[in-house]
Amino acid sequence: MSKFVVTGGNRLQGSVRVSGSKNSTSALMFAAALGKDDVILTNIPLNSDVITMSEILRSIGVEVKFNGQSVIINGANITNHQPPYELVRRIRASVYTAGLLLGRLGMADVAMPGGDEIGTRPIDLHIRGFQTLGSEVTIEHGQMVCKSKGLKGATYYINKVSVGATINMMLAAVLAEGVTIIDNPAKEPEVVDCAILLNSMGAKIRGAGTASIKIEGVESLHGCEHTPIPDRIEAGTFMIATAAIGGDVQVNNVITEHLRMVISKLREAGAEIIEGDNDIRIICNHRLKTVDVDTGVYPGFATDLQAPFGVLLSKAEGTGIICETVFDNRFRYIDELRRMGADIKVERDTAIFRGVERLSGAPVVGTDIRAGVSLVIAGLMAEGVTEVSGACHIDRGYENFDEKLRDLGAGIQRVAESLEEVKA
Ligand code: UD1
């Protein structure tokens, strides 16, 4: 176990290269295993979620070989439809094992995810989707048990926009017999990236990124090479951090179209943003103004950037309001931020930030990936030293986060955390 010791006061200066998208890679690794030939994913982020996914895939018979920043995935020998609970429970993206196994074997027995740090996380929309394709789905002893005599294409309107349900439907439907239509799918770039990979493998998917996705089932898929899109959440995190802490940073390897919402909100708050072809420079030498933000599905403001933006608002001038419309428990970082001197009132899905002039360092706990990085940013904005426990959460989704910040001049060190501290 490790924690970050963060010392505030340094401006951020220099350039940072964004890694491949964590959430894309989650979907792509399962999609790659649908075929029986080698699929090579290059420039993937080497975070701990990727390692967990490789273990889940291996547990069902998929060959997974790492080679530097690439991974070679071959699903020719998938035989086991029951990945072990111990692995599945670690990450939400393990639910994609169900779509993969249904597509390939017509059956899956996968542990149901529980609620987690950011709120209740049901999978009813995934289940209804599988049923629409003709699978029987029952819940037995905490497991989602899917059985089919071969999936058949069908039309499925997803009641609530869901990235996970959309991707799981695509995974199950590409090898199904006939045509599947997914209406009201998620339009997130990670969904489009997954469709691009599947099409490169020989799938017939049209309309990803629009209001309706059409999938014509194919007999089999073949090998290819694919690079995930740059991580728009990591890019947004460094952009927000620079604006909040102060500095001049060029964020490299970005797709600016994926970052419209964060560019707009940072400009509205008073940061200077210069957009290049695949880089963005952020300059900020003064106190920002508060702005209001409602999170939403793409192209709305990403819920994954809500916590970093809340930290930014905590020291901005005036009163700003964040409405979290996607998950029901994503304000847990706020209690920790209050301990650093922030003035924030929370009422159900709304947080009201009255900007303060200073934050002061304190020991704090990051309870999930985004809460963790946000508290690191808060520590860099604060006077004195902040100890952020739970570095393991940050490691799940960010590759070398501390190193990248240090290269920008931030005062951040990773140190071992004792068992007593973890228990406390
Ligand atoms: C993915 C991302 C996560 C991001 C989220 C929203 C991955 C690995 N994770 O999570 O980082 O914050 O998209 O952009 O890619 N819902 C239901 N029933 C379901 C499924 C979802 O009610 O069956 C609800 C959820 O509780 C939530 C909303 O739909 O309120 C959106 O969730 P969803 O888009 O499915 O998020 P994930 O795919 O889990």
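Residues numbered from 1 in each chain as written. Predicted model: local features only at pLDDT ≥ 70, side-chain atom pairs only at ≥ 80, totals over all residues. Heavy atoms only, no water.

Let us now look at empty space enclosed by the protein. On inspection of all chains with the given rule, the structure shows three cavities of 30 Å³ or more. When its volume is computed, the largest cavity comes out at roughly 50 Å³. Lining the largest cavity, in full, are Thr303, Ala307, Asn329, Arg330, Phe331, Arg332, Tyr333, Asp368, Arg370 and Ala371. Counting only elements with at least two residues in the lining of the largest cavity, the list comes to helix H11 (332-339) and helix H12 (369-381). In terms of residue class, the lining of the largest cavity is made up of four nonpolar, two polar and four charged. (1 Å grid on protein atoms, 1.4 Å probe; cavity = no way out; pocket = protein on both sides within 12 Å on 5 of 7 lines; lining within 4 Å. Points joined across faces, edges and corners; volume = space filled by probe spheres on them. Helix = DSSP H or I, 4+ residues; strand = E, 2+ residues; numbered from the N terminus. Nonpolar A, V, L, I, M, F, W, Y, C, P; charged D, E, K, R; others polar.)

The environment of the ligand is formed by 19 residues, the closest being Asp124, Ser162, Val163, Asp304 and Val326. Note that an oxygen atom of the ligand is positioned 3.1 Å from one of the side-chain N or O atoms of Lys160. Between the ligand and Asp304, the relevant distance is 2.7 Å, taken from an oxygen atom to a side-chain nitrogen or oxygen of the residue. For the ligand, whose accessible area on its own is 740 Å², the fraction buried by protein is 89%. Contributions of two or more residues to the shell around the ligand are made by helix H5 (124-132) and helix H6 (163-173). Considering every element that reaches the shell around the ligand, the biggest residue donor is H5, with three residues. Of the residues assigned to the shell around the ligand, the class counts are seven nonpolar, six polar and six charged. Built from parts of two domains, the shell around the ligand gets at least three residues from each of domain 1 (2-19 + 230-423) and domain 2 (22-226). (Near = heavy atom within 4 Å. Polar contact = N/O pair within 3.5 Å; in protein donor to acceptor, adjacent residues only side chain to side chain. Areas by Shrake-Rupley, 256 points an atom, 1.4 Å probe, with all protein chains shown as cover. Domains from an automatic or database assignment.)

Further remarks concern the side chain of Thr166. One can find Thr166 in helix H6. Filtering out sequence-adjacent residues up to four positions away, Thr166 remains in contact with Ile158, Ile182, Pro185, Ala186, Val191 and Ile213. (Contact = heavy atoms within 4.5 Å.)

With that out of the way, let us pick up a nonpolar patch on the surface. A cluster of nonpolar side chains, Leu46, Ile51 and Phe66, forms an exposed patch at the surface whose accessible area comes to about 220 Å². Note on placement: Phe66 falls in strand E4 (residues 63-67). (Patch = residues over 30% accessible without salt bridge, like charges linked within 9 Å, V, L, I, M, F, W, Y side chains within 5 Å. Salt bridge = Lys/Arg side-chain N within 4 Å of Asp/Glu carboxyl O.)

In terms of domain boundaries, the protein chain breaks down into domain 1 (2-19 + 230-423) and domain 2 (22-226). The distance between the C-alpha centroids of domain 1 and domain 2 comes to 30 Å. Contacts between domain 1 and domain 2 engage 26 residues on the former and 23 residues on the latter. Interface of domain 1 and domain 2: buried area, both sides summed, is about 1900 Å²; carbon and sulfur atoms make up 46% of it. At the boundary of domain 1 with domain 2, the tally comes to two salt bridges. Of the charged contacts, one joins Glu190 and Arg232 as a salt bridge, the two residues approaching to 2.8 Å between their closest N and O atoms. Across the contact surface, domain 1 and domain 2 share eight residue pairs in polar contact (both at pLDDT 80 or more). (Buried area = accessible area lost by both parts, 1.4 Å probe.)

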